[in-house]
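Residue-level structure breakdown
The primary structure of each chain is shown beneath.
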Amino acid sequence: MRLFSTISLLLFLSVLLCACPYSSPYQLDANPNIYVEDDLLGSWATFVKKPVSGKEEPVKLILSKRNDTEYNIAFTGYLDELRPFKLVYKDSVSGTAFMSTVAGKQFLNISIKGTNYIAELKLKNGTLSLLPLVEHFTSKMIQNNAELRNCVELHYKTRVHALYDDDFCLRDMVKVN
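**Quick look at the overall build of the protein chain**
When helices and strands are counted, the protein chain shows 2 helices and 9 strands. When the elements of the protein chain are put in sequence order from the N terminus, they spell out α-β-β-β-β-β-β-β-β-α-β. Buried positions account for 39% of the 177 residues belonging to the protein chain. Partitioning the intrachain contacts of the protein chain with sequence separation of at least 6 by distance along the chain shows that 57% fall at a separation of at least 24. Accessible area for the protein chain stands at about 10,700 Å²; split by element, carbon and sulfur atoms hold 56% of it.

Structure follows, in structure tokens:
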């Protein structure tokens, strides 16, 4: 019995420690169809806690208009955990993004180096939160954009709280110069 509980604990810890944002070759929509929101454009800043030390470090999100329906997106600041994945160029991670609406919620389809990440976007009381879905938000093997959209919709309809990757969440960012 003790062996079973030890194995169960190790399995739980391995899943917990290996969590990362959901990534996919697919997006919620095949093409961007929601116009860029001017309120989102600019630099947004917050502090994130380092996973090991708990020390707070600054992170900045910069959104600019790429075209009528797409954003250029960049993250700067505390990015040490991303360096092993070769996503960081100089001092930032850059990509493109576009907005989708699923289950009455806004999402950014963020594309960085050919990989797509899905993050719920909340703009409330002058603060912006970017909440990426965790890798295991669904156990289904996604085969296309429509399946991804259906899985996200089902996730939000069947859960009291959505599953976010807390290590990558940027909560309550404020607009800065």
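**Section: the packing of aromatic side chains**
Counted according to the given criterion, the structure contains 2 aromatic pairs. Geometrically, the ring pair formed by F107 and Y156 is edge-to-face, given 5.3 Å between the ring centres and 80° between the ring planes. Residue F107 is found in strand β6 (residues 105-112), and its partner Y156 is found in helix α2 (residues 145-158); the two are separated by 49 residues along the sequence. You'll find F107 and Y156 in the same group, each marked buried.

**What about α2?**
An ideal rise of 1.5 Å per residue puts 20 Å on 14 residues; α2 measures up with 20 Å between its terminal C-alpha atoms. Measuring from the backbone nitrogen of A146 back to the side-chain oxygen at the start of α2 gives 3.1 Å, which picks out N144 as the cap.

**Section: the nonpolar core**
Judged by nonpolar contacts, the single largest core of 24 residues is most densely connected at L61, Y71, I73, F75, L108, I110 and L130. At the level of secondary structure, the elements contributing two or more residues to this core comprise β2 (42-49), β3 (56-65), β4 (71-77), β5 (92-102), β6, β7 (115-124), β8 (127-132) and β9 (170-176). Residues in contact with I73, not counting those within four places in the same chain, are L61, I62, L63, V93, S94, G95, T96, A97, L108 and I110. Judged by nonpolar contacts, the second largest core, of 17 residues, contains L28, L148, A162 and C169.

**Focus: the pattern of salt bridges**
A full pass over the atoms with the stated rule returns 5 salt bridges. Between E57 and K55 there is a salt bridge, and its shortest N-O distance comes to 3.6 Å.

**Regarding the pairing of β9**
In the sheet, β2 pairs with β9 via 3 bridges, with the strands oriented antiparallel. If you follow W44 over to β9, its bridge partner there is K175.

**Quick notes on the confidence of the model for the protein chain**
Summing up the model confidence of the protein chain, the mean pLDDT is 83 and the portion of residues at 70 or higher is 81%. Note that pLDDT drops below 50 for residues 3-18; the model gives that stretch 0 contacts with residues more than four away or on any other chain.

**Notes on unusual backbone geometry**
For N125, which is not a glycine, the phi torsion comes out positive at approximately 55°. Within the fold, N125 resides in the loop between β7 and β8. Of note, D172 is a non-glycine position whose phi angle comes to about 50°, a positive value. You can see D172 is positioned in strand β9.

Calculation criteria
- Residue numbers restart at each chain and count upward from 1, following the sequence in its written direction.
- For a predicted model such as this one, the threshold for reporting local features is a pLDDT of at least 70, and the threshold for listing and counting side-chain atom pairs is 80 or more; totals across whole chains, interfaces and linings nevertheless cover every residue.
- As a rule here, side-chain values cover all heavy atoms of the structure and leave hydrogens and water aside.
- For helices the rule is a DSSP run of H or I covering at least 4 residues; for strands it is a run of E covering at least 2, with both sets numbered from the N terminus onward.
- Three exposure classes are used, based on accessible area relative to the maximum for each residue type with a 1.4 Å probe and protein chains only: buried under 20%, partly exposed in between, and exposed over 50%.
- Throughout, a residue-residue contact means that at least one pair of heavy atoms, one from each residue, lies within 4.5 Å.
- The Shrake-Rupley method, run with a 1.4 Å probe, gives the accessible areas here. Residue values count only the displayed protein chains as cover.
- Two rings from Phe, Tyr or Trp (for Trp, the six-membered ring) form a pair when their centres are within 6.5 Å of each other. A pair whose planes differ by under 30 degrees is stacked, one over 60 is edge-to-face, and the rest are tilted.
- For a helix, the expected span equals 1.5 Å multiplied by the residue count minus one.
- For the purposes of these results, a polar contact is taken to be a pair of N or O atoms within 3.5 Å, where, inside protein, one atom must be able to donate a hydrogen and its partner to accept one; residues adjacent in sequence count only when each atom of the pair is a side-chain atom.
- Only buried residues count toward a nonpolar core. Its members are Ala, Val, Leu, Ile, Met, Phe, Trp, Tyr and Cys residues joined through side-chain atoms within 4.5 Å.
- Salt bridges are defined by distance alone: a side-chain nitrogen of Lys or Arg within 4 Å of a carboxyl oxygen of Asp or Glu.
- In short, DSSP must find at least two bridges between two strands for them to pair.
- Confidence per residue, as judged by the predictor, is encoded in pLDDT with a range of 0 to 100.

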